Amino acid sequence: MAQQDLHEMLRSARVWAPGTTELRPLDPQTAPPTPLALFTGWFADAVAAGQPEPHTMSLATVDEEGLPDVRIVMLHGADADGWAFATHATSRKGRALQAHPHAALAFYWPLLGRQVRVRGPVTAAPSGESQADLHARSTGALAAALTGRQSEDLASLEDLRQASEAAWRRARENPAEPSPTWTLYRLHPRTVEFFQGDADRRHVRLEYRSTGFGWSRSLLWP
């Protein structure tokens, strides 16, 4: 594909198409006092609107050399203890979090023109809790965890197929088999921003900031 073709496609691409996206108002005066309450409501709205994979999010970290990295992961839960996700402690994500235990999350729900951004320190849950989280998930999730070696170099797809098939057998035969490096992480929010798109580009950005005594709220210029 020619570079010019890419530029033409970018110029013709549109967001928030009428009839597809519903841009709802966000009134900061009626927003709940905590970000978790607003997030839970917005997540329910995304599910009701038919947003595909609303539980997927971007996870940004800084690696051992101080270089940024980002990828898509699944939200495993959000409560008073933080926003939870999981990976192998030996993966690139795990090594980055070991070196720099801070991260940022970003959710994007285009059917509603909404984004949520969460930043803060990250801690690892105890092994027993991490394994319980894994075993509460599907057989496929366990098989993927048992395949292991995440982020290591792969010689061929055939190697992956063989390792995956063996992991699937183990997962089916022993649904409680542990994956020792599998770790549940929790991001403890220091700031949570809610972005509501507006057709006239007067987007509303409401940021919650942890004060140590609760949450303060501020509007940000778009």
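Residues numbered from 1 in each chain as written. Predicted model: local features only at pLDDT ≥ 70, side-chain atom pairs only at ≥ 80, totals over all residues. Heavy atoms only, no water.

**Student:** Please explain unusual backbone geometry as it appears in this structure.
**Tutor:** Residues apart from glycine generally show negative phi values, whereas peptide bonds are mostly found in trans. The phi dihedral of Glu53 falls on the positive side, at around 45 degrees, and the residue is not glycine. Relative to the helices and strands, Glu53 resides in the loop between helix H2 (35-48) and strand S1 (56-62). You will see that Arg149, though not glycine, has its phi angle at about 60 degrees, which is positive. (Helix = DSSP H or I, 4+ residues; strand = E, 2+ residues; numbered from the N terminus.)

**Student:** Any chance you could explain the pattern of salt bridges here in plain terms?
**Tutor:** Pairs can form between side chains of opposite charge whenever their charged atoms are close. Under the counting rule described, the total for this entry stands at 15 salt bridges. One salt bridge connects Asp69 with Arg71, and the closest N-O pair in it is separated by 3.5 Å. You can call Asp69 partly exposed: its relative accessible area is 32%. Arg71 sits in the buried class, given a relative accessible area of 17%. Linking Arg117 and Glu193 is a salt bridge whose minimum nitrogen-to-oxygen distance equals 2.8 Å. Of this pair, Arg117 sits in strand S6 (residues 114-124) while Glu193 sits in strand S8 (residues 191-196), and the two are 76 residues apart along the sequence. Classification of Glu193 by relative accessible area gives buried; the value is 4%. Salt bridges linked by common partners bring Glu22, Arg24, Asp45 and Arg114 together as one network. (Salt bridge = Lys/Arg side-chain N within 4 Å of Asp/Glu carboxyl O. Buried < 20%, exposed > 50% of the residue type's maximum accessible area, 1.4 Å probe, protein only.)

**Student:** What is the right way to look at the packing of helix H5 (residues 139-147) against helix H6 (residues 157-173) in this model?
**Tutor:** A pair of packed helices is captured by two measures, namely the crossing angle of their axes and the spacing between those axes. Interhelical geometry of H5 versus H6 gives an angle of 125 degrees and a closest axis separation of 8 Å. Considered as vectors, H5 and H6 are oriented oblique to each other. Crossing hand, H5 versus H6: right-handed. Of the residues in H6, those touching H5 at Thr139, Gly140, Leu142, Ala143, Leu146 and Thr147 are Leu160, Ala163, Ser164, Ala167, Trp168, Arg170, Ala171 and Arg172. Across the contact of H5 with H6, the residue classes tally to eight nonpolar, four polar and two charged. (Axes fitted to C-alpha atoms, helices over the stretch in contact; angles between N-to-C directions. Parallel < 35°, antiparallel > 145°, perpendicular 65-115°, else oblique. Left-handed = near helix turned anticlockwise from the far one by under 90°. Contact = heavy atoms within 4.5 Å. Nonpolar A, V, L, I, M, F, W, Y, C, P; charged D, E, K, R; others polar.)

**Student:** Looking at this model, I keep getting lost on the layout of surface pockets. Mind explaining?
**Tutor:** Empty space among the atoms can be located by rolling a probe the size of a water molecule over them. Roughly 600 Å³ of internal volume is contained in the largest pocket. The wall of the largest pocket is formed by 27 residues, among which His88, Ala144, Thr147, Gly148 and Gln150 lie closest to the centre. Considered class by class, the residues forming the lining of the largest pocket number 13 nonpolar, eight polar and six charged. If you add up the space inside the second largest pocket, you get close to 160 Å³. Lining the second largest pocket, in full, are Thr34, Pro35, Leu36, Asp79, Ala80, Asp81, Gly82, Trp83, His188, Pro189, Arg190 and Trp215. Those elements that provide at least two residues to the lining of the second largest pocket are H2 and strand S4 (82-88). Each residue belonging to the lining of the second largest pocket can be placed in one class, and the counts come to six nonpolar, three polar and three charged. (1 Å grid on protein atoms, 1.4 Å probe; cavity = no way out; pocket = protein on both sides within 12 Å on 5 of 7 lines; lining within 4 Å. Points joined across faces, edges and corners; volume = space filled by probe spheres on them.)

**Student:** Help me understand the nonpolar core, please; the structure alone is not making it clear to me.
**Tutor:** The tendency in soluble globular proteins is for nonpolar side chains to be buried side by side. Among the nonpolar cores identified, the biggest contains 26 residues, and Phe39, Trp83, Phe85, Leu105, Phe107, Val116 and Phe194 are the most heavily contacted of them. Residue assignment for this core shows that the elements contributing at least two residues are H2, S1, S4, strand S5 (102-109), S6, strand S7 (182-187), S8 and strand S9 (204-210). Not counting the four nearest positions on each side in its chain, Phe194 is found in contact with Leu26, Pro35, Leu38, Phe39, Trp42, Gln115, Val116, Val204, Arg205, Leu206 and Tyr208. Judged by nonpolar contacts, the second largest core, of twelve residues, contains Leu134, Ala145, Ala167 and Ala171. (Core = buried A, V, L, I, M, F, W, Y, C linked by side-chain atoms within 4.5 Å.)

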